[in-house]
Amino acid sequence: MSIRDYTSQELIERLDSGKMSVLNTIGAHDMKREMVPIGRLCSFVVRLVCVQKSDTDLRKRAAGIIRIATPAKLLGKLPYSDDTVVIGFNHPSLGEVCRLVYLGFRNYGNREFLFPVNLPWYESMVPVIPQLKRLGIRITPMITPATEAKLKVKFAGDESKLKDVQLLKMMFDHKYIREVKSVSENNGIIFVAPSATRQKEIIGNTVNPSMTVLAHLVHKGDRKALFVPVSVFAPKHGNRELNLFRSYYIEPCEPFTSDQVKALTGGRDREFDFTFLRRIDKVHRERAAKLHYD
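Summarised in this report is the structure supplied together with it. (Residues numbered from 1 in each chain as written. Predicted model: local features only at pLDDT ≥ 70, side-chain atom pairs only at ≥ 80, totals over all residues. Heavy atoms only, no water.)

1. Considering the overall build of the chain
Then comes step 1: When helices and strands are tallied, the chain shows 13 helices and seven strands.
Then comes step 2: Its C-alpha radius of gyration of 19 Å places the chain within 12% of the 19 Å reference for a compact globule of 294 residues.
Then comes step 3: Viewed in the frame of its principal axes, the chain has a C-alpha envelope of about 55 × 50 × 40 Å.
Then comes step 4: With 294 residues in all, the chain has 52% of them scored as buried.
Then comes step 5: A separation threshold of at least 6 residues defines the contact pool for the chain, and within that pool the share at least 24 residues apart is 77%.
Then comes step 6: In the chain, the 46 positive side-chain charges and the 32 negative ones have mean positions that sit 5 Å from each other. (Helix = DSSP H or I, 4+ residues; strand = E, 2+ residues; numbered from the N terminus. Rg over C-alpha atoms; globule rule 2.2 N^0.38 Å. Buried < 20%, exposed > 50% of the residue type's maximum accessible area, 1.4 Å probe, protein only. Contact = heavy atoms within 4.5 Å. Lys, Arg positive; Asp, Glu negative; His and termini not counted. Charge placed at Lys NZ, Arg CZ, Asp CG, Glu CD.)

Right, here's the structure in full:
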């Protein structure tokens, strides 16, 4: 069957239940296989954390296990707010996601987390979605610009497949909007990489309006939120993957209040996105010269 034979809800339900691989269905088997090793490793850790039946102190147990395999040092404090907190970070590898999870556990108690996840990684994590829910973590699938570009090359000339990709992108974007709304209503923590893809540069050739879009979603209904730029320092000679047992440094930058965000999103296009990234870049440049890590 084609993905167009399903409604958005049906497709998401089949994907989340493991009854369907979207990537296999559209003929992108290779992109699914790429993430299998990392997915199996992450799933193993999640199952290890959740082996106990009681949810009492589950996050504390998770933080203790995750930090062994993916160590990080927090430089400063993650700002706290009773309102929704949006943490935006530069994204040089997959490794910072794991590290932000356990730092989040240590700093934000039992509040719900939301991570938008690139579709190939998401599919590899489907088997442990129930365990992630026990940990208070929501993941939602996205077709990132890098994945979209790969799919366009793969299906060049096949208009039917290219339409499928755009339909999936729209479905996942709508799901993300619903997830952001739900987590914001409960004053949860939203983690997002403004680049929407792994890259060494903090400010790349293209700056996505991801933070501006998120700001409008979070502030709907006159809700308030604290937007926290976070500078990630991956190992100097690390790779784009998890960099197991190698230390990262994580440094929170000066946060943006709701009033500041609304002022920056009310004028020039993408002003908030550029300002947010420049704040990360400034801290990264100032700190990088002082750090010595492997």
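Next comes the rest of the write-up.
2. Some words on the pairing of strand β5 (residues 189-192)
Then comes step 1: Side chains of β5 alternate between two faces, with Ile189 and Phe191 and Ile190 and Val192 buried alike.
Then comes step 2: Relative to β5, strand β3 (residues 113-118) runs parallel, the two sharing two bridges. Note that in β5 the partner of Leu114 across the bridge is Ile190. (Pairing = 2+ DSSP bridges.)

3. Observations regarding the nonpolar core
Then comes step 1: Counting residues in hydrophobic clusters, the biggest one holds 68 residues, and the most contacted among them are Leu11, Ile87, Phe115, Trp121, Ile137, Ile139 and Phe172.
Then comes step 2: In contact with Phe172, not counting residues within four places along its chain, are Leu11, Ile12, Leu15, Val22, Leu119, Pro141, Met142 and Ile143.
Then comes step 3: Counting residues in hydrophobic clusters, the runner-up holds 26 residues, among them Met142, Val207, Ala215 and Leu264. (Core = buried A, V, L, I, M, F, W, Y, C linked by side-chain atoms within 4.5 Å.)

4. So, the pairing of strand β2 (residues 84-89)
Then comes step 1: Buried residues dominate β2, accounting for six of its six residues.
Then comes step 2: Here six bridges tie β2 to strand β6 (residues 225-233), and the two strands are oriented parallel to one another. Bridge pairing in β6 links Phe89 to Val230.
Then comes step 3: Judged from the four bridges that link them, β2 and β5 form a sheet pairing that is parallel. Among the inter-strand pairings, Ile87 is bridged to a residue of β5, identified as Phe191.

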